[in-house]
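# Chains, contacts and geometry: an overview
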Amino acid sequence: MTIHDINQRIREDIVSGDLSFGARLTIDALATRYGVSHMPVREALRELQGEGLVVIEPNRGARVRTIDADFVENLFEIRTALEVMMVRRAARRCTPADIAGLQAIEDALEQHVAAENFAAVVGENRRFHQAINRMADNVDALPILDRHWLLLSALWRTHGYAETRFAGVSSDHRHLIAALAAHDQEAAAVLMGAHATKARLELVARIRASATPLRKRRRD
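A short tour of the structure in this document, coming up. (Residues numbered from 1 in each chain as written. Predicted model: local features only at pLDDT ≥ 70, side-chain atom pairs only at ≥ 80, totals over all residues. Heavy atoms only, no water.)

### A word on the overall build of the protein
- Looking only at helices and strands, the protein has 11 helices and three strands in total.
- Listed by position from the N terminus, the elements making up the protein come as α-β-α-α-β-β-α-α-α-α-α-α-α-α.
- Taking 220 residues into account, the globule formula puts the C-alpha radius of gyration at 17 Å, and the protein, at 19 Å, falls close to it.
- Once the C-alpha set of the protein is aligned to its principal axes, its extents read approximately 55 × 40 × 35 Å.
- Looking at the 220 residues of the protein, the share that counts as buried comes to 45%. (Helix = DSSP H or I, 4+ residues; strand = E, 2+ residues; numbered from the N terminus. Rg over C-alpha atoms; globule rule 2.2 N^0.38 Å. Buried < 20%, exposed > 50% of the residue type's maximum accessible area, 1.4 Å probe, protein only.)

Here it is in structure tokens:
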């Protein structure tokens, strides 16, 4: 098993909740879990630290990142500013082929919503935003936006979604596609800012509602 394979296994276990937020990660336990030696586990943890999923502290070892509402607020503040900038650039640069690609992704997303395949919805939502970010053509911003995507996916999985969330996401996406097709930078920026803000408000509210369990996990 390669370092990439182990990285992916640990990442999947974090996102699925098998390795919970705040859980300690020992080299011995992970090597046994995945049937590998210590070295590739150590390297995989370093890579996951770069993605924001794992924290490695001197003399204390590694753990899955502990999340609280303040962290999520700060994360969304950064992401919202970047996403608004990127969608402005995308509105200037997008082509008819780009718009057709976004429409196809959104069609697939809505089909998954109808089928209640919410794991696939999350994947299509990521593809939708990545497509916009690629249109923006700012290679230095992309790693920052991608860095915490899996962490946010894990948080949504842990805390759940409101019944109306996906209908709202689809509506926002359709309006964004229309603004991009019209090359309307201001409309695209306003829509993206509102889209990110709605996600922040819902996720932060859900994290605060479960703040006691989160504090308990930090003490464990």
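Next comes the rest of the write-up.
### Here we look at the sheet that holds strand S1 (residues 24-25)
- Strands sit in the order S1-S3-S2 across an open sheet of three strands; the sheet is antiparallel. Lying at the two open borders of the sheet, with one neighbouring strand each, are S1 and strand S2 (54-57).
- In this structure, S2 lies alongside strand S3 (residues 61-64), joined through four bridges in antiparallel fashion. Looking at the pairing, Glu57 lines up with Gly61 of S3. (Pairing = 2+ DSSP bridges.)

### A word on the nonpolar core
- Within the largest apolar cluster, 34 residues are counted, with the highest numbers of intra-cluster contacts made by Ile10 and Val72.
- Of all elements in the fold, only helix H1 (3-16), helix H2 (27-34), helix H3 (38-51), S3, helix H4 (69-93), helix H8 (149-159) and helix H10 (185-209) reach the threshold of two or more residues within this core.
- Every residue in contact with Ile10, bar those within four places of it in the chain, is listed here: Leu19, Leu30, Tyr34, Ala44, Leu45 and Leu48.
- Formed by 17 residues, the second largest nonpolar core is a distinct cluster that contains Leu102, Phe128, Leu176 and Ala188. (Core = buried A, V, L, I, M, F, W, Y, C linked by side-chain atoms within 4.5 Å. Contact = heavy atoms within 4.5 Å.)

### Observations regarding the side chain of Glu124
- In this structure, Glu124 sits in helix H6 (residues 118-136).
- On the basis of relative accessibility, which here comes to 11%, the residue Glu124 falls in the buried class.
- With near-sequence residues (within four places) excluded, Glu124 lies in contact with Ile105, Ala108, Leu109 and His112.

### Some details on the packing of H4 against H10
- Between H4 and H10, whose axes approach to 8 Å, the crossing angle comes to 165°. Here H4 is positioned roughly antiparallel relative to H10, judged by the angle of their axes. When the axes of H4 and H10 are compared, the crossing they make is right-handed.
- Grouping the constituent residues of the contact of H4 with H10 by class yields 14 nonpolar, three polar and eight charged. (Axes fitted to C-alpha atoms, helices over the stretch in contact; angles between N-to-C directions. Parallel < 35°, antiparallel > 145°, perpendicular 65-115°, else oblique. Left-handed = near helix turned anticlockwise from the far one by under 90°. Nonpolar A, V, L, I, M, F, W, Y, C, P; charged D, E, K, R; others polar.)

### Let's talk about unusual backbone geometry
- Phi at Asn59 takes a positive value of approximately 65°, unusual for a residue other than glycine.
- The topology assignment puts Asn59 in the loop between S2 and S3.
- On the basis of relative accessibility, which here comes to 85%, the residue Asn59 falls in the exposed class.
- With phi around 60°, Glu116 is a residue other than glycine that occupies positive phi space.
- Assignment of secondary structure puts Glu116 in the loop between helix H5 (96-114) and H6.
- The exposed category is assigned to Glu116, whose relative accessible area is 59%.

That is the geometry; function is a separate question.
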